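Letter by letter, the chains look like this.
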Amino acid sequence: MFNEDSPFIEEDIRHQRHFNVIDHHVLNFKGRTLLPERLVRGRSVIDLGSCLGAMGEWALRHGATKYVGIEIQKDLADKSKKLLQHWGDKAEIHQTDVRTFLQHCEDNSFDVVVAAGMLYAFIDPTTILREMCRVGKRTISIETNNPPLIRSGSLDDSAPIIEIALTGMNLSSGGSPPRKRGG
């Protein structure tokens, strides 16, 4: 569905990366894998960390009745709104953080919840996963990156894992995350 000169690729700065690049092969593969037609046809889809809304284009072209994209970065949300405007009221983009948006959703609000490449940005992904399960009526579709040792199961449980973030991503207060008790 996405070709080499798709605006969902040309407008995405990730197409210039050397590692984990976004191109037409990747977007088509992600769409087929995360949101196959049998999963989205006739259903509502929420995309957490929607970036430019490429999965919205995919879902709507494959028969979704509604697409809601949640993107915290204003420039990406603005581009997404422009790229999906031809879908009219079938496509909504909200420029907000995932945690806050999900907390304000009713139970079973969406048939399909998709989260591609965003769970690693949370200090407490379990909370987000619970919220995803609460608002998802039918399917939760997740794509994330883990170090190879975690995927193979050969990482010792006592090994420290360090996550470095340059900004306070996805913190609804915009400040520092809450401190753990006793620490």
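In this text, all values refer to a predicted model and were calculated from it rather than measured experimentally.

Peer 1: Help me get a handle on the environment of Ala77, residues and values and all.
Peer 2: Relative to the helices and strands, Ala77 is located in helix H5 (residues 74–84). Among the residues examined, Ala77 registers a relative accessible area of 0% and is labelled buried. Between the C-alpha atom of Ala77 and that of Gly53, which follows or precedes it by 24 residues, the distance is 8.2 Å. Setting aside chain neighbours within four positions, we find Ala77 in contact with Cys51, Glu71, Ile93 and Gln95.

Peer 1: I'd like a rundown of the pattern of salt bridges, residues and numbers included.
Peer 2: Using the criterion set out here, one finds eight salt bridges in the structure. Here Lys30 makes a salt bridge to Glu143, at a shortest N to O gap of 3.4 Å. One end of the pair, Lys30, is in helix H2 (residues 24–34); the other, Glu143, is in strand E5 (residues 136–143), and 113 residues separate them in sequence. Residue Asp107 pairs with Arg134 through a salt bridge whose shortest N-O separation is 2.8 Å. Separated by 27 residues along the polypeptide, Asp107 in the loop between helix H6 (98–103) and strand E4 (110–116) and Arg134 in helix H7 (residues 125–135) bring together distant segments of the chain. By relative accessible area, which is 23% here, Arg134 ends up partly exposed. Overlapping salt bridges, with partners in common, bring together Asp107, Glu131 and Arg134 in one network.

Peer 1: Tell me about helix H4 (residues 54–61), and please be specific about residues and values.
Peer 2: Within H4, seven of the eight residues are buried, leaving the element largely enclosed by the surrounding structure. Every buried residue belonging to H4 is among Ala54, Met55, Gly56, Glu57, Trp58, Ala59 and Leu60, and all of these are buried. Positioned one or two residues after H4, Gly63 has a phi angle of 100°, which is positive.

Conventions we followed
Residues numbered from 1 in each chain as written. Predicted model: local features only at pLDDT ≥ 70, side-chain atom pairs only at ≥ 80, totals over all residues. Heavy atoms only, no water. Helix = DSSP H or I, 4+ residues; strand = E, 2+ residues; numbered from the N terminus. Buried < 20%, exposed > 50% of the residue type's maximum accessible area, 1.4 Å probe, protein only. Contact = heavy atoms within 4.5 Å. Salt bridge = Lys/Arg side-chain N within 4 Å of Asp/Glu carboxyl O.

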